[in-house]
Structures are given as C-alpha cells and as structure tokens.
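Chain by chain, the residues:
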Amino acid sequence: MNTEKDFSPLTPNIVRALNDKLYEKRKVAALEIEKLVREFVAQNNSTQIRHVIQILASEFALSQHPHSRKGGLIGLAACSIALGKDSGLYLKELIEPVLTCFNDSDSRLRYYACEALYNIVKVARGAVLPHFNLLFDGLSKLAADPDPNVKSGSELLDRLLKDIVTESNKFDLVAFVPLLRERIYSNNQYARQFIISWIHVLESVPDINLLDYLPEILDGLFQILGDNSKEIRRTCEVVLGEFLKEIKKSPSSVKFAEMANILVIHCQVADETKLMNDLIQQTAMTWMREFIQLAGRVMLPYSSGILTAVLPCLSYDDRKKNTKEAASACNHSLMKLVTPEDDEDKEKSGSTETPSKAEDQSRTDVDSNDTLNASQDSIGFSNISFFTPTSADRPQETLDLDGIVQVLDRHLHDSSTGMMTRIAVLKWVYHLYIKTPRKMFRHTDGLFPMLLKTLSDESDEVILKDLEVLAEIASSPAGQTGQVVSCDSSEDKLELKVPESSKQGQQPSKAVDSSPSTPSMNSYFYKFMINLLKRFSLERKLLENRGAFIIRQLCLLLHAENIFHSMADILLKEEDLKFASTMVQTLNTILLTSAELFQLRNQLKDLRTQESCTLFCCLYRSWCHNPVATVSLCFLTQNYKHAYDLIQKFGDLEVTVDFLMEVDKLVQLIESPIFTYLRLQLLDVENNPYLIKALYGLLMLLPQSQAFQLLSHRLRCVPNPELMRTVDESKYMDSKQTVASKRTSHTQIDYNELLQHFDHVQSKHLEVRHQRSGRASDHPDRKLV
C-alpha cells in the first residue's frame, strides 16, 4: 500500500483516508488537504504546495489502484479550492493528471475526474484559458461517453467552460482553430453536438472573430449538417445562418475565394435518396447565391465548378423548390458576371471594378422573378467535380471559359439532363457567344455537332434556344474568315445577309429588310445549312415533325432570303432525289403559307429587281425536283405563261397518286388568302390568258374530285372579256403596255433554259424511280391517268 512510503507533508491519516474505498473518508482527507494547503498559501510556501500536488498526482491520481486514483482526484480538487485565485500558478500540474483519468475504463472514476476538473476550473475561472485546448480535448472525449452520469457531469463542466470563455477577452482563437478543425470531422453524434455547440458559443462572442477562420471549418459544418439527429441539424442550421448574416454585414473581410470550392462540393448531391443531403445542397446553394451576389467577379475562376453544381438543380420539381430557386438565382447572377472584357487574351493585373461597384452590379443583376418550372428531376453527375482557380498566388477575376464550355458540352451529351437544364445550357452557350465571341469560336468545331443533334430534342423550347445559338454562330462577325459566303446559281451570286435585330439577340417579330448595310453571313452559315439538310435527310421524322418549325424560326433569325437561297443551292447538288423532292415540297409549303415569309413572297411576287430574279432562278432550279411546287412558284411570281408551259409537260410525266394529291393541295392554296391577287387577275382576261390556260391545265389533270369541283367552279366565274371592256381601244392598249413595263425584269430570265433544266431534272427522277422499283409498271404509288 502507498502508506508504507513517505508522503510528507501529507500525514499518514490523510494518506490512509485517500486510499479508502469509502467516499466519506476520502472526502474527510480532502478537507484535511485543503486545510494543509491553505497554511502553505499563508506562508507563501510554493515549494510545499507543488510537492503536495506532485504526490497527489503521481502517487494517487496516476496510481494503479482505483481507490487511490479516486483519492488523488478529490485531493487535487481540494488543493485547487485551497489555492483560490493562486490556483492559476499550478494549473498545469493540477489539470494534466485529472485529464489522464478521463481515459480510465471505470466509468465511476471518469465521473470523479470530471467532478474534480469542474472544481478546479470553477476556482481558476479565466486562468484556465491558456490551457483551453487541453480541456477542450478532454471534454470532447467525455461528450461521447457511453455512461449517462459521466455525460451529465461533462455537460456541467462544458457549460462552466463556455461561461468563462464568453466573459473573457483573452481567448486564444488562433491556437484553438487547428483543434477545432480536427475534431469537427468526428462522426459521433455526441461529439458533433459538442463541437457545434462550441462553435455556436464562440460565434456569438463579440470579441471573437470566428468568421476569419470560417474557411477552415466550413466543410466540417456542412458534414455535421447531414447528421441523423434532428437537434444537431437544427443547431448547425442556426450556426450557418449566423455566419451568413455576418458575411452579408461585412463582405469586404470575407475570404470568398477560399470557400468557393467547399460550396461547389456541397452543392452537388452524391446520394439523392437521403433527406439530409437535400438540406446540405439547399443550404450550400443558398450560400453560393449570396457569394456570387456579394463577391461578384471574384467567383469567376470557379464558374465551371459552380455550373456543374447548379445546372442539374434547374430541372428539379417542386419537392425541391427552394434549391431550384436558389440554383436559378446563382445561374443568372453568374451569367451576368461575364462581360466583353473576358474576351480579351491579356491578363488583367487587377479588377477593373471596385468591390462596391462589383457588389452593386451583382445585386442588380439578379432576376428574382425568374423562377424556372421543372419538367422532370435531373440526377447530378456521379463524380463530384472540384475546380481550382488558375492561380493561388493572388486572387484573379478570370473567366474559366474552357472549363465552362467543357461543363456545358457534357450536359448536352448527357441523355439524363432535364429539359430546364438543357435550356439553361443553351442560354449559357448563346450568352458566351454574345459576350466572348472571339474566344468562343475556338470551341465552335467541338460544340457544332452536338448543337445540330440537339435539334432532334423532344422539347420545342430547347429547339428554339438551340436555333438561337446556331443562328448566332452562323451570323457572328467573329466567325468571319475573310471570304463572303455565297450561293452560286449559274453565273449569278447573291450575298447572304443577316438582319440587324438578330445580332442583338432579339427575335424579330417579322422578317427584316435586306439592305447593303446588313452584315454578311460568316463561314459557318453555309456549313450549318449543309449539315441541317443532311440531318433532315438522315432523320425523316425530324423533317416531318419539326422541319417546318425549324425552318420558319431560322427565317426569323437569319433572314428568309438567306435560308431559302442557300437551301435551294445545296439541294441542287443533292444526290438523293427523293429527299430533294420532299425537301422542296416542305420549303414550298413554308414559302406559300407561313406568316414569317410574307416579305419574301412580296419580293418574289413582282420580280422587279435583279436580286429577286436571281433568287427566283436559284429557287426554280431546285424546285424542279417537284413539278407541282415548280408550278406553284411560277404562280407566286406571276410567271403564268411559264406555268402553262410546265403543265403542258406534265403529260410526259408519270402521274402518281402522290402527284395528284400535290395538285389537289395546290388547288386548295389557290383558294387561300395567299393567292388573292391571282384570283383577282382572272378578271383581266385579256392580259392574263396563260393564267386561265394554266388553271384549266390543272383542272384537266385532276380526276373528278372535290378539288376538281372547286377549281371548275372558280373557272366558271371567269367573266367574258367583251363584257369587261369599259374603255376605248387606245386606252386598252396603253393599259397592256403599262402592265408589260412593270415586268420588264422578266426579260433577264431565260425561260427556255429553265424549261430544259426542268426536263433534265425530271428525267433523272424518272430514271431513279425505275431503278428503285425494278420496272415502272410495278411502282406501288403510281396510277396512270
């Protein structure tokens, strides 16, 4: 037993009582020790005081015998009480042996250790702060203790220590943060509760600026936010909310760049099945929204990572409405940060804006009313993307354009991408072509195939956005290669034009006048038209279901004359004659019926200019792939004699059911508002004999059908020319000459050559049909009349 040794100045009775198994006797010994130490304090005998503490620590508190350890603990507490305000001089010797007992396997002993430390700390108060890390480390272990009594004791000690820290201004935060950073990643619920409660306390102390060290603990806080305990999650939410309030109050002192990547990671959900992950993502997205608005262009180097996290959230349904709205705000705010200065290659030495300007700009840029409605959930990418800025040496406000394009392209390729996300991706691509066209055209060859493929999307909204992007690519001055792209038609050339309004990213309400001042299409326009027709050829369903829709929108975006002239030129060289005929039929229907083509129809109606004649010839040569379309083009351009000449040649063609259906549709069109002027010209029988002959020619082609009855009834309404004469002969001749002078431009067109071209094209069609069917008489779609 310890009593055999010399423990002076402790008396044998004190030693014996300290080793006793009964708590009452150990308590009596503690009172004796307290009395003894008080005498030494009065004598200012620090040597004896240290000697007593050293004996209690080494021979009792650190003893192998459990009762001796309990005696040592109560003895050390008694020393502290006796020392009073002087206990601060001996705290290291008093605290360390007690903390060692925190690791004891006996729960009763751990409880006594906690009680002893409580008494030591209660006496020393603020003097314990230099030893705070030791105390915190020990307490964090007891917080997760399985014994409820020990936990209860540790909570009392914890509250006492928090009171001391709160009322003191000498807390060493710098020394504490590394320990906090280490312990914050504990997976134990009680340890997490302990950690988050301490952060909450420290954050509320005015003299402690924990915000400076937020980058070191923010990731851990988001980890704790995913805890299974509702109480821990609620406390963590409160703590994060307080931090965010501080950030908004003093954004100039916030280390936004150091926390950007942390938010990027937690904005991405690795497992969407867990409710806590939704909370993490929503909170991180809310923080990201505030960061972008407060920090402005400081966030640009992290833009690709932010987009990786934000874009999938835009397709969330109403179950994740808050996350979706925060993501939408992030997306729009980030988009507004991209400016034309990002199109410059030279690096800026610093920001061109002061923080206040950037802050004001970013705040006004957010469109709070822009809430996207999701059509479906979009599952985020399985791998968490983590992007780093270009340089860690100094903060840069450089747009990570290559990274952004990579992210956007990946979302376009991903078949699971939701509709609203795809729309947002295309808005980004369009925005980048507007703000940074020179740099974006370096990526065009890579993006172009996927943009074309996106035209097959099931959503009209996606297709509309995609067409805007493709139109911008085809018309942007940054895409010019120094050569004017033109459509050749024999010896005639027509420069392609783009309306000014489309250059400003606005969809015009109607076709824009063509003028020499409008800029030429760039080298991508013709490539776009070729690839679009190729896609129509490979995907006939796309042509059937969306072809007219796509072409009409392109006519608004890129000027109808450009679209029709280029497509006609390309179709002239098309080897698949059946597709060429189908495509011409589609284009002809659009030309004759769409409101978007009103101006182009007017341009072709009179053929008064060299440009309109050139356009007519270009269209005519391709329209020859479809005889009925060719006739309708002649009706539109008031080339009635040529229309009659063409109909005369129909007798030499194979008249199939499809052919007669097309004639039927043409008769219906003649009765439509588009051809009002043609029907009125039937009143002028003398000047329009070939119009009447051409219509009778169509009538003779038709079987006894509803269309036959319709056209026959119309022709019966044609008046007798003798009855229509109301002037003398000389005036009548002057009228004929006036009409003729209005169409002098027709003399520039070689109609005989056009007829020969029609015969040549139709002979090729006949040859191909025969090859396809094996022999002409077995053609399944043909009925000879």
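The rules behind these values
Residues numbered from 1 in each chain as written. Predicted model: local features only at pLDDT ≥ 70, side-chain atom pairs only at ≥ 80, totals over all residues. Heavy atoms only, no water. pLDDT = per-residue confidence, 0-100. Contact = heavy atoms within 4.5 Å. Salt bridge = Lys/Arg side-chain N within 4 Å of Asp/Glu carboxyl O. Helix = DSSP H or I, 4+ residues; strand = E, 2+ residues; numbered from the N terminus. Buried < 20%, exposed > 50% of the residue type's maximum accessible area, 1.4 Å probe, protein only. Axes fitted to C-alpha atoms, helices over the stretch in contact; angles between N-to-C directions. Parallel < 35°, antiparallel > 145°, perpendicular 65-115°, else oblique. Nonpolar A, V, L, I, M, F, W, Y, C, P; charged D, E, K, R; others polar. Expected span 1.5 Å × (residues − 1). Phe/Tyr/Trp six-rings, centres within 6.5 Å; stacked < 30°, edge-to-face > 60°. Lys NZ or Arg CZ within 6 Å of the ring centre and 35° of its normal.

Chemist: Got a minute to help me understand the confidence of the model for the chain in this structure?
Modeler: Interpreting fine coordinate detail is not advised for predicted regions of low pLDDT. Per-residue confidence for the chain gives a mean pLDDT of 84, with 82% of residues at or over 70. Below pLDDT 50 for its whole length, residues 482–495 participates in 31 contacts with residues either more than four positions away or in separate chains. Overall, residues 498–519 carries pLDDT values under 50, and its contacts beyond four positions in sequence, including any with other chains, amount to 51 contacts.

Chemist: Would you mind going over the pattern of salt bridges with me for this structure?
Modeler: Close approach of charged atoms lets side chains of opposite charge pair. Taken as a whole and assessed by the stated rule, the structure comprises 36 salt bridges. Among the salt bridges present, the one from R183 reaches D137, with a minimum N-O distance of 2.0 Å. Within this pair, whereas R183 is found in helix α9 (residues 173–183), its partner D137 is found in helix α7 (residues 132–143), the two being separated by 46 residues in sequence. A salt bridge links K162 to D158; the shortest N-O distance between them is 2.9 Å. Taken as a pair, K162 and D158 lie in helix α8 (residues 148–167) at a separation of four residues, close to a single helical turn. Look at K162 and you get buried, because its relative accessible area is 13%.

Chemist: Could you clarify how one ought to interpret the packing of helix α16 (residues 321–337) against helix α19 (residues 419–435) in this entry?
Modeler: Helix-helix packing is described using two parameters, namely the angle between the two axes and the distance between the axes. Between α16 and α19, the shortest axis-to-axis distance is 11 Å and the interhelical angle comes to 10°. Comparing the axis directions of α16 and α19 gives the class roughly parallel. Residues N331, L334 and M335 of α16 form the contact with α19, whose own contacting residues are A424, K427, W428 and H431. Along the lines of polarity and charge, the residues of the contact of α16 with α19 split into four nonpolar, two polar and one charged.

Chemist: How should I be thinking about the environment of L451 in this particular structure?
Modeler: With respect to the helices, strands and loops of the structure, L451 is situated in helix α21 (residues 444–453). In the structure, L451 is positioned 42 residues away from D409 in sequence and 9.3 Å away in space, judged by C-alpha atoms. Those residues in contact with L451 that lie beyond four places of it in its chain are L412, L426, D466, V469, L470 and I473.

Chemist: What is the right way to look at helix α4 (residues 66–83) in this model?
Modeler: Along an α-helix, residues three or four apart share an orientation, since each turn contains 3.6 residues. Between its first and last C-alpha, α4 extends 26 Å over 18 residues, near the 26 Å set by a 1.5 Å rise per residue. Within α4, 15 of the 18 residues are buried, which leaves the element mostly enclosed by the surrounding structure. Two residues or fewer past α4, G84 is found with a positive phi of approximately 60°.

Chemist: So what exactly am I meant to see when it comes to the packing of aromatic side chains here?
Modeler: Ring pairs (aromatic) are described by centroid distance and by the angle formed between their planes. Taken as a whole, this structure holds 25 aromatic pairs when the rule is applied. Ring centres 4.8 Å apart and planes at 85° place the aromatic pair F132 and F171 in the edge-to-face group. Remark: F171 occurs in the loop between α8 and α9 and F132 occurs in helix α7; sequence separation between them is 39 residues. For the residue pair F132 and F171, the accessibility class agrees, reading buried in each case. Seen from their ring centres, F132 and F176 are 5.1 Å apart, and the 75° between their planes marks the pair as edge-to-face. With a gap of 44 residues between them, F132 in helix α7 and F176 in helix α9 connect regions that are remote in the sequence. Accessibility expressed as a relative area gives 0% for F176, which makes it buried. Among the aromatic residues, those joined into a ring-pair cluster are F132, F136, F171, F176, F194 and W198. In this arrangement the basic side chain of R26 is found over the ring face of Y112, its NZ or CZ atom lying 5.7 Å from the centre. One cation-aromatic arrangement involves K605 over Y677; the distance from NZ or CZ to the ring centre is 4.2 Å.

Chemist: Explain the packing of helix α25 (residues 540–558) against helix α26 (residues 560–571) to me, please; I cannot follow it from the model alone.
Modeler: With their axes 6 Å apart at the nearest point, α25 and α26 run at an angle of 125° to one another. Taken as axis vectors, α25 and α26 run oblique relative to one another. Contacts between α25 and α26 involve I551, L554, C555 and L558 from the first element and A560, N562, I563, F564 and M567 from the second. Tallied by class, residues from the contact of α25 with α26 come to eight nonpolar, one polar and no charged.

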